[in-house]
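A structural walkthrough
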Amino acid sequence: MTANAPSSALRGARVMLYSHDTFGLGHLRRSRALAGAITHADPTASALILTGSPVAGRFAFPSRVDHVRLPGVIKRSDGSYASRTMGMSIEETTSLRAGLIRSTALQYAPDVLIVDKEPTGFRGELLPTLDELKSNGNTQLILGLRDVLDEPEVLAAEWARKDAVAATEQFYDEIWVYGIRSVYDPTAGLPLSSEAQARMHWTGYLRRDLGDLGTPPEQPYVLITPGGGGDGAMMVDLVLTAYERDPDLAPRAMLVYGPFLSGDTRTEFETRVAALDGRVTAVGFESEIETLFAGAQGVVCMGGYNTFCEVLSFDKPAVIVPRTTPRLEQWIRASRAEELGLTAMLDERRDGWTPEAMIRAIRALADQPPPSAAIPDGLLDGLDYVTDRVDALLHGTNGKAAE
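Only a predicted model underlies this, so the values are computations on that prediction, with no experimental measurement involved.

Further remarks concern the overall build of the chain. Scanning the chain from N- to C-terminus turns up 14 helices and 15 strands. For 403 residues, the compact-globule estimate of 2.2 N^0.38 gives 22 Å, and the C-alpha radius of gyration of the chain, at 21 Å, lies within 12% of that figure. Buried residues in the chain amount to 55% of all 403 residues. Contacts in the chain between residues at least 24 apart in sequence constitute 76% of all its contacts with a sequence separation of at least 6. When the accessible area of the chain is evaluated, it comes to approximately 16500 Å², of which 50% is carbon and sulfur surface. Separation between the mean location of the 39 positive side-chain charges and that of the 54 negative ones in the chain comes to 2 Å.

Below you can see the structure in the form of C-alpha coordinates.
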(Lines give C-alpha, C1' and ligand atoms only; values in the text may rest on other atoms or scores of the structure.)
Protein backbone atom coordinates (compact mmCIF):
# COMPACT_ATOMS: atom_id res chain seq x y z
CA MET A 1 0.00 0.00 0.00
CA THR A 2 1.88 3.03 -1.30
CA ALA A 3 0.08 5.50 0.97
CA ASN A 4 1.51 3.73 3.99
CA ALA A 5 5.06 3.33 2.77
CA PRO A 6 6.47 6.74 3.81
CA SER A 7 4.98 6.79 7.32
CA SER A 8 5.78 3.16 8.09
CA ALA A 9 9.31 3.66 6.81
CA LEU A 10 9.83 6.61 9.16
CA ARG A 11 8.25 5.26 12.35
CA GLY A 12 8.41 1.54 11.76
CA ALA A 13 5.55 -0.62 10.58
CA ARG A 14 2.69 -1.16 13.02
CA VAL A 15 0.60 -4.29 12.98
CA MET A 16 -2.43 -4.76 15.21
CA LEU A 17 -4.00 -8.17 15.78
CA TYR A 18 -7.51 -8.70 17.13
CA SER A 19 -8.20 -11.89 19.06
CA HIS A 20 -11.64 -12.00 20.70
CA ASP A 21 -10.81 -14.95 23.03
CA THR A 22 -13.94 -15.66 25.00
CA PHE A 23 -12.46 -19.00 26.07
CA GLY A 24 -9.40 -21.14 25.48
CA LEU A 25 -5.94 -20.27 24.19
CA GLY A 26 -6.17 -20.85 20.45
CA HIS A 27 -6.80 -17.35 19.14
CA LEU A 28 -4.23 -15.70 21.40
CA ARG A 29 -1.52 -18.27 20.64
CA ARG A 30 -2.11 -17.91 16.90
CA SER A 31 -1.94 -14.11 17.12
CA ARG A 32 1.21 -14.33 19.25
CA ALA A 33 2.89 -16.59 16.69
CA LEU A 34 1.99 -14.24 13.85
CA ALA A 35 3.14 -11.14 15.73
CA GLY A 36 6.45 -12.78 16.62
CA ALA A 37 7.13 -13.80 13.03
CA ILE A 38 6.24 -10.38 11.63
CA THR A 39 8.46 -8.45 14.05
CA HIS A 40 11.30 -10.95 13.61
CA ALA A 41 11.18 -10.53 9.83
CA ASP A 42 11.10 -6.71 10.10
CA PRO A 43 13.30 -5.35 12.93
CA THR A 44 11.58 -1.93 12.64
CA ALA A 45 8.06 -3.32 13.07
CA SER A 46 5.95 -3.50 16.22
CA ALA A 47 2.81 -5.50 16.91
CA LEU A 48 -0.04 -4.99 19.36
CA ILE A 49 -2.48 -7.79 20.19
CA LEU A 50 -5.98 -7.00 21.45
CA THR A 51 -7.19 -10.04 23.36
CA GLY A 52 -9.94 -11.07 25.72
CA SER A 53 -7.96 -14.05 27.03
CA PRO A 54 -7.94 -14.24 30.84
CA VAL A 55 -4.46 -15.79 30.81
CA ALA A 56 -2.77 -13.39 28.38
CA GLY A 57 -0.56 -12.04 31.16
CA ARG A 58 0.92 -15.50 31.76
CA PHE A 59 2.58 -15.56 28.35
CA ALA A 60 5.94 -14.11 27.45
CA PHE A 61 5.69 -11.93 24.36
CA PRO A 62 8.46 -11.48 21.78
CA SER A 63 10.44 -8.28 21.50
CA ARG A 64 8.39 -5.38 20.10
CA VAL A 65 5.14 -7.28 20.70
CA ASP A 66 2.70 -6.22 23.41
CA HIS A 67 -0.94 -6.82 24.23
CA VAL A 68 -4.01 -5.00 25.48
CA ARG A 69 -6.33 -7.08 27.63
CA LEU A 70 -10.01 -6.54 26.84
CA PRO A 71 -12.60 -7.15 29.59
CA GLY A 72 -13.32 -10.87 29.66
CA VAL A 73 -16.56 -12.65 28.90
CA ILE A 74 -17.73 -16.20 29.53
CA LYS A 75 -20.14 -18.44 27.67
CA ARG A 76 -22.89 -19.99 29.77
CA SER A 77 -24.16 -23.53 29.32
CA ASP A 78 -27.25 -22.21 27.50
CA GLY A 79 -25.07 -20.48 24.90
CA SER A 80 -25.52 -16.93 26.23
CA TYR A 81 -22.61 -14.72 27.32
CA ALA A 82 -21.88 -12.81 30.51
CA SER A 83 -19.15 -10.52 31.80
CA ARG A 84 -16.39 -12.57 33.40
CA THR A 85 -15.60 -10.35 36.39
CA MET A 86 -16.94 -6.82 36.07
CA GLY A 87 -20.55 -7.22 37.20
CA MET A 88 -21.77 -5.53 34.03
CA SER A 89 -24.39 -6.71 31.56
CA ILE A 90 -23.08 -8.33 28.39
CA GLU A 91 -24.33 -5.33 26.42
CA GLU A 92 -22.36 -2.93 28.66
CA THR A 93 -19.27 -5.15 28.48
CA THR A 94 -19.44 -5.40 24.71
CA SER A 95 -19.85 -1.64 24.42
CA LEU A 96 -16.83 -1.10 26.68
CA ARG A 97 -14.74 -3.53 24.65
CA ALA A 98 -15.81 -1.89 21.39
CA GLY A 99 -14.78 1.53 22.70
CA LEU A 100 -11.40 0.25 23.87
CA ILE A 101 -10.75 -1.41 20.51
CA ARG A 102 -11.64 1.73 18.59
CA SER A 103 -9.64 4.11 20.79
CA THR A 104 -6.61 1.81 20.73
CA ALA A 105 -6.75 1.52 16.95
CA LEU A 106 -6.98 5.29 16.53
CA GLN A 107 -4.05 5.89 18.90
CA TYR A 108 -1.86 3.09 17.56
CA ALA A 109 -2.75 3.81 13.89
CA PRO A 110 -1.83 0.39 12.52
CA ASP A 111 -0.64 -0.09 8.96
CA VAL A 112 -2.13 -3.59 9.02
CA LEU A 113 -4.96 -5.04 11.13
CA ILE A 114 -5.20 -8.85 11.27
CA VAL A 115 -8.53 -10.11 12.63
CA ASP A 116 -8.67 -13.68 13.87
CA LYS A 117 -11.68 -15.78 12.81
CA GLU A 118 -14.56 -13.40 13.63
CA PRO A 119 -15.18 -10.92 10.78
CA THR A 120 -17.33 -8.63 12.94
CA GLY A 121 -15.67 -9.39 16.27
CA PHE A 122 -17.43 -10.60 19.39
CA ARG A 123 -21.10 -9.54 19.16
CA GLY A 124 -20.16 -7.07 16.42
CA GLU A 125 -17.77 -5.12 18.64
CA LEU A 126 -15.22 -4.70 15.84
CA LEU A 127 -17.56 -3.03 13.34
CA PRO A 128 -17.05 0.61 14.48
CA THR A 129 -13.27 0.14 14.23
CA LEU A 130 -13.46 -1.53 10.83
CA ASP A 131 -15.67 1.27 9.53
CA GLU A 132 -13.31 3.95 10.85
CA LEU A 133 -10.16 2.32 9.52
CA LYS A 134 -11.74 1.60 6.14
CA SER A 135 -12.86 5.22 5.85
CA ASN A 136 -9.41 6.53 6.75
CA GLY A 137 -7.82 4.34 4.09
CA ASN A 138 -4.51 4.04 5.94
CA THR A 139 -4.83 0.45 7.20
CA GLN A 140 -4.88 -2.81 5.27
CA LEU A 141 -7.61 -5.00 6.79
CA ILE A 142 -6.96 -8.74 6.89
CA LEU A 143 -9.28 -11.56 7.97
CA GLY A 144 -7.35 -14.61 9.14
CA LEU A 145 -9.10 -17.99 9.24
CA ARG A 146 -7.86 -21.27 10.65
CA ASP A 147 -7.95 -24.34 8.42
CA VAL A 148 -11.30 -25.61 9.74
CA LEU A 149 -14.14 -23.54 11.19
CA ASP A 150 -17.13 -25.91 11.31
CA GLU A 151 -19.42 -27.97 9.12
CA PRO A 152 -20.30 -25.93 6.01
CA GLU A 153 -24.02 -25.79 6.76
CA VAL A 154 -23.52 -24.83 10.40
CA LEU A 155 -20.94 -22.19 9.50
CA ALA A 156 -23.15 -20.68 6.80
CA ALA A 157 -25.99 -20.26 9.30
CA GLU A 158 -23.66 -18.73 11.90
CA TRP A 159 -22.17 -16.24 9.47
CA ALA A 160 -25.63 -15.29 8.18
CA ARG A 161 -26.78 -14.61 11.74
CA LYS A 162 -23.75 -12.37 12.38
CA ASP A 163 -23.81 -10.65 8.97
CA ALA A 164 -20.25 -11.91 8.65
CA VAL A 165 -20.35 -12.45 4.89
CA ALA A 166 -21.42 -8.84 4.32
CA ALA A 167 -18.66 -7.58 6.64
CA THR A 168 -16.07 -9.73 4.86
CA GLU A 169 -17.15 -8.41 1.48
CA GLN A 170 -17.26 -4.78 2.63
CA PHE A 171 -14.21 -4.36 4.83
CA TYR A 172 -11.45 -6.89 4.22
CA ASP A 173 -8.72 -6.32 1.68
CA GLU A 174 -7.47 -9.90 1.97
CA ILE A 175 -8.54 -13.21 3.52
CA TRP A 176 -5.77 -15.46 4.80
CA VAL A 177 -6.43 -19.14 5.43
CA TYR A 178 -3.83 -20.67 7.77
CA GLY A 179 -3.80 -24.01 5.99
CA ILE A 180 -3.73 -25.47 2.49
CA ARG A 181 -6.65 -26.04 0.17
CA SER A 182 -5.87 -29.74 -0.38
CA VAL A 183 -6.43 -30.44 3.33
CA TYR A 184 -9.65 -28.49 3.82
CA ASP A 185 -11.48 -25.36 2.67
CA PRO A 186 -13.00 -23.60 5.72
CA THR A 187 -15.08 -21.32 3.50
CA ALA A 188 -16.89 -24.16 1.71
CA GLY A 189 -20.60 -23.41 1.88
CA LEU A 190 -20.18 -19.66 2.45
CA PRO A 191 -21.78 -17.44 -0.22
CA LEU A 192 -18.66 -15.37 -0.82
CA SER A 193 -18.52 -13.46 -4.08
CA SER A 194 -15.96 -14.24 -6.74
CA GLU A 195 -14.25 -10.95 -5.85
CA ALA A 196 -13.86 -12.01 -2.21
CA GLN A 197 -12.62 -15.44 -3.22
CA ALA A 198 -10.02 -13.78 -5.43
CA ARG A 199 -8.70 -11.99 -2.34
CA MET A 200 -8.06 -15.29 -0.52
CA HIS A 201 -4.53 -16.43 0.26
CA TRP A 202 -3.75 -19.98 1.39
CA THR A 203 -0.72 -19.49 3.59
CA GLY A 204 0.01 -22.99 4.85
CA TYR A 205 -0.03 -23.98 8.53
CA LEU A 206 1.73 -21.80 11.09
CA ARG A 207 5.02 -23.46 11.96
CA ARG A 208 6.09 -23.34 15.60
CA ASP A 209 9.47 -21.87 16.47
CA LEU A 210 11.87 -24.68 17.31
CA GLY A 211 14.62 -22.44 18.71
CA ASP A 212 15.63 -21.57 22.28
CA LEU A 213 14.22 -24.73 23.80
CA GLY A 214 14.75 -25.65 27.43
CA THR A 215 15.86 -29.01 28.75
CA PRO A 216 13.03 -31.54 28.48
CA PRO A 217 12.13 -33.91 31.34
CA GLU A 218 13.71 -37.34 31.63
CA GLN A 219 13.01 -39.38 28.52
CA PRO A 220 11.25 -41.36 27.13
CA TYR A 221 7.75 -40.03 27.73
CA VAL A 222 4.47 -39.47 25.92
CA LEU A 223 3.14 -35.92 26.11
CA ILE A 224 -0.53 -35.63 27.07
CA THR A 225 -1.99 -32.21 26.29
CA PRO A 226 -5.65 -31.15 26.29
CA GLY A 227 -4.71 -27.67 25.03
CA GLY A 228 -6.26 -25.02 27.26
CA GLY A 229 -7.86 -27.81 29.25
CA GLY A 230 -11.33 -26.36 29.61
CA ASP A 231 -12.91 -29.25 27.73
CA GLY A 232 -10.10 -31.78 28.22
CA ALA A 233 -11.25 -33.61 31.36
CA MET A 234 -12.59 -36.58 29.41
CA MET A 235 -9.32 -37.15 27.58
CA VAL A 236 -7.23 -36.77 30.73
CA ASP A 237 -9.50 -39.18 32.60
CA LEU A 238 -9.16 -41.71 29.77
CA VAL A 239 -5.36 -41.52 29.81
CA LEU A 240 -5.16 -41.89 33.59
CA THR A 241 -7.54 -44.84 33.51
CA ALA A 242 -5.40 -46.49 30.83
CA TYR A 243 -2.30 -46.29 33.04
CA GLU A 244 -4.29 -47.48 36.06
CA ARG A 245 -5.67 -50.48 34.17
CA ASP A 246 -2.39 -51.55 32.53
CA PRO A 247 0.60 -51.55 34.92
CA ASP A 248 2.92 -52.35 32.00
CA LEU A 249 1.83 -49.44 29.81
CA ALA A 250 4.94 -47.52 28.73
CA PRO A 251 6.56 -45.12 28.31
CA ARG A 252 5.54 -42.87 31.15
CA ALA A 253 3.21 -39.96 30.48
CA MET A 254 3.89 -36.25 30.96
CA LEU A 255 0.53 -34.51 31.44
CA VAL A 256 -0.04 -30.77 30.97
CA TYR A 257 -3.40 -29.86 32.48
CA GLY A 258 -3.84 -26.48 30.79
CA PRO A 259 -4.90 -23.29 32.58
CA PHE A 260 -8.63 -23.97 32.34
CA LEU A 261 -8.64 -27.47 33.85
CA SER A 262 -8.94 -26.64 37.53
CA GLY A 263 -11.04 -26.96 40.65
CA ASP A 264 -12.29 -30.27 42.00
CA THR A 265 -11.66 -32.05 38.71
CA ARG A 266 -7.97 -31.21 38.76
CA THR A 267 -7.69 -32.07 42.47
CA GLU A 268 -9.09 -35.52 41.73
CA PHE A 269 -6.69 -35.97 38.81
CA GLU A 270 -3.70 -34.96 40.94
CA THR A 271 -4.63 -37.58 43.52
CA ARG A 272 -4.74 -40.24 40.82
CA VAL A 273 -1.44 -39.06 39.30
CA ALA A 274 0.26 -39.32 42.71
CA ALA A 275 -0.99 -42.90 43.09
CA LEU A 276 0.67 -43.91 39.81
CA ASP A 277 4.14 -43.57 41.40
CA GLY A 278 5.85 -41.63 38.62
CA ARG A 279 4.37 -43.49 35.67
CA VAL A 280 2.40 -40.29 35.03
CA THR A 281 3.70 -36.88 36.04
CA ALA A 282 1.79 -33.63 35.62
CA VAL A 283 2.28 -29.88 35.44
CA GLY A 284 -0.28 -27.07 35.33
CA PHE A 285 -0.02 -24.45 32.65
CA GLU A 286 3.16 -24.61 30.59
CA SER A 287 3.43 -21.47 28.44
CA GLU A 288 6.61 -22.90 26.87
CA ILE A 289 5.10 -26.25 25.98
CA GLU A 290 7.44 -26.38 22.99
CA THR A 291 10.18 -27.85 25.19
CA LEU A 292 7.89 -30.70 26.23
CA PHE A 293 6.92 -31.34 22.61
CA ALA A 294 10.55 -31.45 21.55
CA GLY A 295 11.44 -34.21 24.02
CA ALA A 296 8.34 -36.36 23.60
CA GLN A 297 8.36 -39.79 21.99
CA GLY A 298 4.76 -39.21 20.92
CA VAL A 299 1.73 -37.10 21.72
CA VAL A 300 -1.85 -37.71 22.83
CA CYS A 301 -3.84 -34.54 22.33
CA MET A 302 -7.09 -32.91 21.41
CA GLY A 303 -7.58 -31.55 17.93
CA GLY A 304 -7.24 -27.77 18.27
CA TYR A 305 -5.45 -25.82 15.56
CA ASN A 306 -2.44 -24.76 17.61
CA THR A 307 -1.81 -28.21 19.04
CA PHE A 308 -2.04 -29.65 15.54
CA CYS A 309 0.56 -27.12 14.32
CA GLU A 310 2.85 -28.14 17.19
CA VAL A 311 2.52 -31.81 16.30
CA LEU A 312 3.45 -31.03 12.69
CA SER A 313 6.26 -28.62 13.60
CA PHE A 314 7.95 -30.97 16.04
CA ASP A 315 7.23 -33.92 13.75
CA LYS A 316 5.82 -36.12 16.50
CA PRO A 317 3.70 -39.26 16.07
CA ALA A 318 0.36 -38.29 17.55
CA VAL A 319 -3.08 -39.62 18.32
CA ILE A 320 -5.78 -36.96 18.33
CA VAL A 321 -8.85 -37.31 20.54
CA PRO A 322 -11.16 -34.72 18.97
CA ARG A 323 -14.11 -33.13 20.70
CA THR A 324 -17.35 -33.06 18.73
CA THR A 325 -19.21 -30.32 20.62
CA PRO A 326 -20.04 -27.47 20.43
CA ARG A 327 -18.70 -27.72 16.87
CA LEU A 328 -17.15 -30.44 14.68
CA GLU A 329 -14.01 -28.44 13.91
CA GLN A 330 -11.61 -30.78 15.76
CA TRP A 331 -13.18 -33.95 14.34
CA ILE A 332 -12.99 -32.63 10.77
CA ARG A 333 -9.31 -31.68 11.24
CA ALA A 334 -8.41 -35.00 12.87
CA SER A 335 -10.23 -37.12 10.30
CA ARG A 336 -8.55 -35.29 7.39
CA ALA A 337 -5.14 -35.60 9.09
CA GLU A 338 -5.67 -39.34 9.50
CA GLU A 339 -6.76 -39.70 5.87
CA LEU A 340 -3.55 -37.96 4.78
CA GLY A 341 -1.37 -40.08 7.09
CA LEU A 342 -0.26 -37.15 9.23
CA THR A 343 -1.67 -38.38 12.56
CA ALA A 344 -3.89 -41.08 14.05
CA MET A 345 -7.29 -40.43 15.60
CA LEU A 346 -9.21 -41.98 18.48
CA ASP A 347 -12.76 -41.57 17.24
CA GLU A 348 -15.58 -41.94 19.73
CA ARG A 349 -17.93 -43.79 17.39
CA ARG A 350 -15.42 -45.84 15.44
CA ASP A 351 -12.95 -46.78 18.18
CA GLY A 352 -14.82 -46.05 21.39
CA TRP A 353 -13.47 -43.83 24.13
CA THR A 354 -12.52 -46.72 26.39
CA PRO A 355 -9.37 -47.44 28.45
CA GLU A 356 -8.59 -50.38 26.16
CA ALA A 357 -8.75 -48.16 23.08
CA MET A 358 -6.45 -45.59 24.72
CA ILE A 359 -3.99 -48.31 25.78
CA ARG A 360 -3.79 -49.52 22.18
CA ALA A 361 -3.36 -45.97 20.90
CA ILE A 362 -0.50 -45.17 23.30
CA ARG A 363 1.27 -48.45 22.51
CA ALA A 364 0.89 -47.85 18.78
CA LEU A 365 2.72 -44.50 18.98
CA ALA A 366 6.08 -46.29 19.20
CA ASP A 367 5.67 -47.65 15.65
CA GLN A 368 3.63 -44.82 14.14
CA PRO A 369 5.46 -42.79 11.46
CA PRO A 370 5.90 -39.07 12.09
CA PRO A 371 3.98 -36.49 10.05
CA SER A 372 7.03 -35.84 7.85
CA ALA A 373 6.49 -39.25 6.27
CA ALA A 374 3.34 -37.91 4.62
CA ILE A 375 3.75 -34.13 4.75
CA PRO A 376 2.80 -32.29 1.54
CA ASP A 377 4.94 -29.50 0.13
CA GLY A 378 4.22 -26.11 1.67
CA LEU A 379 2.25 -27.52 4.61
CA LEU A 380 4.18 -25.48 7.21
CA ASP A 381 4.97 -22.35 5.20
CA GLY A 382 2.34 -20.17 6.86
CA LEU A 383 4.54 -17.78 8.83
CA ASP A 384 6.89 -17.19 5.89
CA TYR A 385 3.90 -16.51 3.64
CA VAL A 386 2.39 -14.09 6.15
CA THR A 387 5.59 -12.10 6.62
CA ASP A 388 5.99 -11.86 2.84
CA ARG A 389 2.40 -10.61 2.50
CA VAL A 390 2.86 -8.01 5.25
CA ASP A 391 6.00 -6.77 3.52
CA ALA A 392 4.14 -6.56 0.21
CA LEU A 393 1.22 -4.68 1.77
CA LEU A 394 3.48 -2.18 3.51
CA HIS A 395 5.48 -1.47 0.38
CA GLY A 396 2.65 -1.40 -2.09
CA THR A 397 3.65 -4.46 -4.10
CA ASN A 398 1.06 -6.90 -5.32
CA GLY A 399 1.08 -10.61 -4.73
CA LYS A 400 -1.03 -13.25 -6.41
CA ALA A 401 -3.37 -15.07 -4.09
CA ALA A 402 -2.05 -18.51 -3.22
CA GLU A 403 -3.64 -21.60 -4.67
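Having seen the structure, we can now continue with the description.
Here we take up the sheet that holds strand E8 (residues 174–178). Strand pairing in a sheet relies on backbone hydrogen bonds. The paired strands run either parallel or antiparallel. The 7 strands lie next to each other as E3-E2-E1-E6-E7-E8-E9, forming an open sheet whose pairing is parallel. A strand with exactly one partner marks an edge of an open sheet, and here the two such strands are strand E3 (65–69) and strand E9 (200–202). In this sheet, neighbouring strand axes are inclined to one another by 20° on average, regardless of whether the strands run parallel or antiparallel. Of the strand pairs in this sheet, strand E1 (residues 14–19) and strand E2 (residues 46–51) are connected by 6 bridges, and their pairing is parallel.

Let's shift gears to the side chain of Gln 330. Summarising the element assignment, Gln 330 is placed in helix H12 (residues 329–340). A polar contact of 3.2 Å, which involves the side chain of Gln 330, links it to the backbone nitrogen of Arg 323. Leave out the neighbours within four places in its chain, and Gln 330 touches Met 302, Gly 303, Gly 304, Val 321, Pro 322 and Arg 323.

With that out of the way, let us pick up helix H8 (residues 233–245). For the α-helix, the turn length of 3.6 residues means that residues three or four positions removed from each other point alike. Across its 13 residues, H8 extends 18 Å between first and last C-alpha, which sits within 8% of the 18 Å expected from 1.5 Å per residue. Among the residues of H8, Met 235, Val 236, Leu 238, Val 239, Leu 240, Thr 241, Ala 242 and Tyr 243 are the ones counted as buried. Looking at the buried positions of H8, the neighbouring elements they touch are strand E10 (221–225), strand E11 (252–256), helix H9 (263–275), strand E12 (280–283), strand E13 (298–301) and helix H13 (355–364).

Calculation notes
Residues numbered from 1 in each chain as written. Predicted model: local features only at pLDDT ≥ 70, side-chain atom pairs only at ≥ 80, totals over all residues. Heavy atoms only, no water. Helix = DSSP H or I, 4+ residues; strand = E, 2+ residues; numbered from the N terminus. Rg over C-alpha atoms; globule rule 2.2 N^0.38 Å. Buried < 20%, exposed > 50% of the residue type's maximum accessible area, 1.4 Å probe, protein only. Contact = heavy atoms within 4.5 Å. Areas by Shrake-Rupley, 256 points an atom, 1.4 Å probe, with all protein chains shown as cover. Lys, Arg positive; Asp, Glu negative; His and termini not counted. Charge placed at Lys NZ, Arg CZ, Asp CG, Glu CD. Pairing = 2+ DSSP bridges. Axes fitted to C-alpha atoms, helices over the stretch in contact; angles between N-to-C directions. Polar contact = N/O pair within 3.5 Å; in protein donor to acceptor, adjacent residues only side chain to side chain. Expected span 1.5 Å × (residues − 1).

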